[in-house]
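Residue-level listing of the chains:
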Amino acid sequence: MSLVDKVKSAGIVGAGGATFPTHVKIDATADVVIVNGAECEPLLRVDQQLMDLRASDLLEALNMVVEHTKAKEGIIGLKKKYVPAINKLNSLLPKYPKLKLHIMNNFYPAGDEQTLVYECTGKIVPEGGIPLAVGALVMNVETLLNLHDCVTEDKPVIDKYLTVTGNVKRRITTKVPLGITVKEALALAGGPTISDYVII
C-alpha cells in the first residue's frame with residue numbers, strides 16, 4: 001500500500017486545527033517540507049513537548065514525507081525558547097542529511113503558516129494562496145507523528161493531544177479520545193501530566 005493510501009486509510013487529517021486531509025496534502029511534489037513547530041498561541045505547549053519526547057519519530061516521519069514528495073529538504077521551524085526540543089532534535093539530525101532546524105525568535109504569530117514559510121524560505125505565499133504555490137508543504141507536528149504511527153504501527157487516528165491551560169487547577173498536556181467533551185477534558189486538569197500519562 002502506498003504512503004498516500006495508508007494515510008487515507010488511517011483517517012489522518014491536519015492536527016493543527018484546519019483538519020485538511022493529509023493524504024491529499026502529501027499527494028504532491030514540493031521543494032521543501034516545513035514542520036510547523038512554532039505554536040502560534042502563547043499558552044500552548046504540546047508541540048514543543050512532542051518535539052522533545054518524540055523527536056526520533058518526528059524526524060523519521062518528516063524524512064518519509066520529504067522522500068515521498070521529492071522535496072530537496074525538510075525544515076522544522078520552532079522558537080528558540082524550545083531548548084529541550086532543539087537539543088534533542090539536533091542530537092538526532094546527523095542521521096538525516098536532508099533535514100534541518102530553523103530557529104525562530106519568540107514572536108507572535110510565529111506559528112502562522114504564511115509567516116512560517118517566509119521565515120524558513122524567504123518566499124511569500126500569494127494572498128489567498130497556499131504554501132504549495134511557492135513549493136512549500138507545511139505540516140503540523142502531531143500530524144507527522146500520526147503519520148509515523150500509521151506507517152510503523154498500522155495505527156488509525158483515534159485520539160488527540162490536548163493542552164488544558166488557563167484558569168484551571170492543574171495545567172496539563174494529555175492525550176484524549178476523539179469526541180471527548182470540554183467538560184471531560186477540563187476534569188483531566190486534576191489528573192496526570194504529559195510525563196506520566198501520555199504514551200510516547
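Up top is the structure these notes are about.
Residues numbered from 1 in each chain as written. Predicted model: local features only at pLDDT ≥ 70, side-chain atom pairs only at ≥ 80, totals over all residues. Heavy atoms only, no water.

1. Observations regarding the nonpolar core
Keep this limit in mind: Only buried Ala, Val, Leu, Ile, Met, Phe, Trp, Tyr and Cys residues count toward a nonpolar core, and they belong to the same one when joined by side-chain atoms within 4.5 Å. Between buried and exposed lies partly exposed: a residue is buried under 20% and exposed over 50% of the maximum accessible area for its type, with that area taken using a 1.4 Å probe on protein chains only. By definition, any uninterrupted DSSP run of H or I lasting at least four residues is a helix, any uninterrupted run of E lasting at least two residues is a strand, and each is numbered from the N terminus. Contacts are residue-level and defined by heavy atoms, with any inter-residue pair within 4.5 Å sufficient.
One finds Met-51, Leu-58, Ile-76, Leu-78, Leu-89 and Leu-147 to be the most contacted residues of the largest nonpolar core, which totals 40 residues. The element contributing the most residues to this core is helix H4 (residues 55-68), with eight residues. Not counting the four nearest positions on each side in its chain, Met-51 is found in contact with Gly-37, Leu-58, Ile-76, Leu-78, Tyr-82, Ala-85, Leu-89 and Val-141. Judged by nonpolar contacts, the second largest core, of 12 residues, contains Ile-75, Leu-116, Val-117 and Val-134.

2. Digging into the pairing of strand S6 (residues 172-177)
Sheet faces and side chains relate simply in a regular strand, where the side chains alternate between the two faces. Threshold: Between any two strands, at least two bridges found by DSSP are needed for them to pair.
The buried fraction of S6 is high, at five of six residues. Here strand S5 (residues 159-164) pairs with S6 via six bridges, running antiparallel. Residue Lys-160 lies in a different strand from S6, and its bridge partner there is Val-176.

3. Topic: the side chain of Asn-36
Here is the rule we go by: Polar contacts, as used here, are pairs of N or O atoms within 3.5 Å; protein pairs need one atom able to donate a hydrogen and one able to accept it. Residues neighboring in sequence count only if both atoms are side-chain atoms.
Of note, Asn-36 is situated in strand S1 (residues 32-37). Look at Asn-36 and you get buried, because its relative accessible area is 15%. Engagement of the side chain of Asn-36 in a polar contact is seen with the backbone nitrogen of Ala-38, the distance being 3.2 Å. What Asn-36 contacts, discounting residues up to four positions off in sequence, is Asp-47, Gly-77, Gly-111, Leu-116, Val-138, Met-139, Asn-140 and Val-141.

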